[in-house]
Amino acid sequence: MTDRRKARQRIEALRREIGQHDYCYYVLDDPQIPDGEYDRLLRELQALELEFPDLVTADSPTQRVGAAPLLEFAEVRHAVPMLSLDNAFNEAEVRAFDRRVRERLQNMAQIEYVAEPKLDGLAISLLYRQGVLVRGATRGDGTTGEEVTQNVRTLPSIPLRLLGKGYPEILEVRGEVFMPRSGFAALNRRAAQRNEKTFANPRNAAAGSLRQLDPRVTAERPLEFFCYGTGQVRDGELPDRHSAILARFRDWGLRINPEIDSVSGMDGCLEYYRRITAKRATLPYAIDGVVYKVDRLDLQQQLGFVARAPRWAIAHKFPAEEAMTVLKAVEFQVGRTGALTPVARLEPVFVGGATVSNATLHNMDEVERKDVRVGDTVIVRRAGDVIPEVAGVVLAKRPQHAARVRLPHRCPVCGSAVIRPEGEAVARCTGGLFCAAQRKELIRHFSSRRAMDIEGLGEKLVDQLVDAGLVKTPADIFTLTAARLAALEHMGEKSAQKLVMAIERARHTTFQRFLYALGIREVGEATAALLAQYFGTLEALLAADESVLQQAPDVGPVVAAAIAAFFREPHNREVISALREAGVQWPEQAPAGRTGPGALSGMTFVLTGTLTVMSRDEAKRRIQALGGKITGSVSKKTDYLVVGAEPGSKLAEAQQQGVALLDEQAFLKLLQA
Ligand code: I6G
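Below, the structure is looked at part by part. Sequence order as written defines residue numbering, which begins from 1 separately in each chain. Local features in this predicted model are restricted to residues of pLDDT 70 or higher, and side-chain atom pairs are both shown and tallied only at a pLDDT of 80 or more, whereas totals for entire chains, interfaces and linings draw on every residue. Excluding hydrogens and water, the side-chain figures rest on all heavy atoms present in the structure.

A word on the side chain of T473. Secondary structure is summarised from DSSP: a helix means a run of H or I of at least four residues, a strand means a run of E of at least two, and numbering begins at the N terminus for each. Note on placement: T473 falls in the loop between helix 13 (459-467) and helix 14 (474-477). To sort residues, take the accessible area from a 1.4 Å probe on protein chains only and compare it with the maximum for the residue type: under 20% means buried, over 50% means exposed, and anything in between is partly exposed. Take T473: its relative accessible area is 12%, and that puts it in the buried class. The contact criterion used throughout is that any non-hydrogen atoms of two residues lie within 4.5 Å. Not counting the four nearest positions on each side in its chain, T473 is found in contact with L433, I443 and V575.

To continue, consider the sheet that holds strand 24 (residues 629-630). On the basis of which strands lie adjacent, the open sheet formed by four strands has the order 24-23-25-26 and parallel pairing. If you trace the sheet from one side to the other, it starts and ends with strand 24 and strand 26 (660-663), each paired once. At least two bridges found by DSSP between two strands is the condition for calling them paired. In terms of strand pairing, strand 23 (residues 604-608) meets strand 25 (residues 640-643) through four bridges, oriented parallel. Its bridge partner being in strand 25, T608 is matched across the sheet by V643. Geometry is summarised by axes, namely lines fitted to C-alpha atoms with helices restricted to the contacting stretch, and by angles between N-to-C directions that run from 0 to 180 degrees. Those strands touched by helix 23 (residues 616-625) are strand 23 and strand 24, and its axis lies near 170° from that of strand 23. Those strands touched by helix 24 (residues 650-657) are strand 23, strand 25 and strand 26, and its axis lies near 145° from that of strand 25.

Further remarks concern the pattern of salt bridges. Criterion for a salt bridge: a side-chain nitrogen of Lys or Arg within 4 Å of a carboxyl oxygen of Asp or Glu. Under the defined criterion, the tally for this structure stands at 41 salt bridges. Put simply, D98 and R102 hold a salt bridge, and the shortest N to O gap is 3.0 Å. Linking D98 with R102, this pair stays in helix 3 (residues 91-104), spanning four residues, or about one helical turn. The salt bridge partner of E322 is R381, with a shortest N-O separation of 2.9 Å. In this pair, E322 sits in strand 14 (residues 321-334) while R381 sits in strand 18 (residues 377-382), placing the two residues 59 residues apart along the sequence. Counted as one network, the salt bridges with shared partners bring together D371, R373, D376, R398 and R404.

This paragraph deals with helix 18 (residues 525-535). Extensive coverage of helix 18 is indicated by the burial of 10 of its 11 residues. All of the buried residues in helix 18 are E525, T527, A528, A529, L530, L531, A532, Q533, Y534 and F535. Of the residues flanking the end of helix 18, it is G536, one or two places downstream, whose phi is positive at about 75°.

With that out of the way, let us pick up the packing of aromatic side chains. Only rings of Phe, Tyr and Trp enter the pairing, Trp through its six-membered ring, and a pair is recorded when the two centres are within 6.5 Å. The plane angle decides the type: under 30 degrees is stacked, over 60 is edge-to-face, the rest tilted. Tallying each qualifying case throughout the model produces 15 aromatic pairs. Relative to Y26, the ring of Y25 lies with its centre 4.7 Å away and its plane at 70°, an arrangement referred to as edge-to-face. Residue classification places Y25 among the partly exposed positions, given a relative accessible area of 40%. For Y26, a relative accessible area of 23% corresponds to the partly exposed category. Summarising the aromatic geometry, the rings of F178 and Y285 are spaced 5.5 Å apart at their centres and angled 70° between planes, so their arrangement reads as edge-to-face.

Let's shift gears to the sheet that holds strand 9 (residues 261-264). The five strands are arranged 2-13-10-3-9 in an open sheet whose pairing can be described as mixed. The open sheet has two edge strands, strand 2 (87-88) and strand 9, and neither has a second partner. As paired strands, strand 3 (residues 112-119) and strand 10 (residues 287-294) are joined by seven bridges and run antiparallel to one another. The partner of L119 across the bridge, within strand 10, is I287. In this fold helix 3 packs onto strand 2, strand 3, strand 10 and strand 13 (313-317), with an angle of close to 170° to the strand it touches most, strand 13. On the sheet, helix 9 (residues 265-279) packs against strand 3, strand 9, strand 10 and strand 13 and is oriented at approximately 135° with respect to strand 9.

The values are spatial; any link to function lies outside them.
Here's what the structure looks like:
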């Protein structure tokens, strides 16, 4: 036998042996050899692979770390959305869940559930093709996550290759990456010694560690993994019960939480909850509740989903933890949409596993309802990964000079006027086009495809431009030069040229797009179109007060107040002037007043689902009568998708392409306007 053949055989034997020991150690929690012996096997494999580099494969246990750092994470679209779970915060809510489940299943007497601890980590998808790990991804928004393959490969409890046989060709495994308490404490201790930032809790530590561009950093973090479900499955069969799937996963070398149990009915669930509650403090990882899932997959399928959560599962959360501390000050944070949130600055206090020095007061209604004053002793509540909140005041401890909290008249970030519309809890900064807190969000919206349509000015670039101080308001976009853009990191000369051309094209727009692009609250695409039609020119719109605005179709008092407040703010008017001076222009049109024939001219509609008030033919006829166009499929040119009952696949296509949706009500309004 040649040396090479011998080496190949030995390499394969070593990989099998190491895989088996990983399985015993991580999955069965029953190591068969001392650590030193395991290291010896790994070193022997490394030495052979060094001698025969062409025999190295990606699923070799030597290949966990070593990939080069990334510049950014790629996006991953989940073939099956990664949903979240509905929460129940007490026994009554869990009983109501079980009742709903049984009612939907023809009043089935007792449901078999699988109960599992809910770890305080982050959800991960692992894709195995022919048993080899080919992709790891975060949940992201449930539809699109980040590709973190290089990082998940560094977790020793995630197999690079499945053991045994019988797994589907494509198997997506989902579960939780988490940091055990001991690892978390050690990591924070080391960070503190080096004067580095510490993590507030194990969840943040796990998320921060997995979202590292350099996999060598992830590899040094004590991360672990338990799987709890499946995503896409192709070319292969899985058992017909959740419990049996988990058992199969375990046979294939995937790690399952040993606390998982099958239980019967509500009594079984609640008994499990009590059992885990009693054990919680001794578990080696943080949990924030338990999850109950209907075991039979055929029943899961019958139950289906509502919004973004399955009807067949619920998270039974532990009660929030509370502590007392002193409120030192209240500051106002301005969010990306201009909402002002009162934030309590607290004497630091340990609650729910983390030190808390800031907590939300939600809004001024809440501040007033709870009568929170600076100097008060307050109760801080923290539940799992939710932002801590001030739950109430200990009135008996109120000092004499406790000061009332006042909403500022001016935005603490940009100095624009703050308004709190009648009857609304949320106060807002009116400096939309100018306020630094709203800058990134606004510029993203301004340049988006359905607004000014500046191709190439994506999310990351907006971040870069704003962070570098090159773009403060949308008007600054039109001052960018290819040379200035090319000086940015990750921006080549060609891309810079292309972007400058896209900006040039965007100078020629329509009044309706421009209005929509301004990001005025309450002014979506449909309202922008109606305003453009009605007023015809920007000057006429700027001159309109609230009562004139309300004469426009579809503009009620709330919308009129939002538009008036926006244009009243001098900062916004300055930015609009700067945009006009920069050459942003559109074909002038005569004000239509009340719309008539031609009101929908230039607009393209697609219909999906069943309309209840009129037939499809009637809808088509009316759109065409107003000058609009109907097409059969969603494309870049579609302005609106009209969505009736039980819509088809066009809905998903439209959502994917960012096409504006009109439900039947909104569609009728548009026709009537
Ligand atoms: O976020 C989750 C945590 C734990 C889950 C979950 C889970 O099971 C133990 N299960 C499902 C089905 C989902 N999220 C969507």
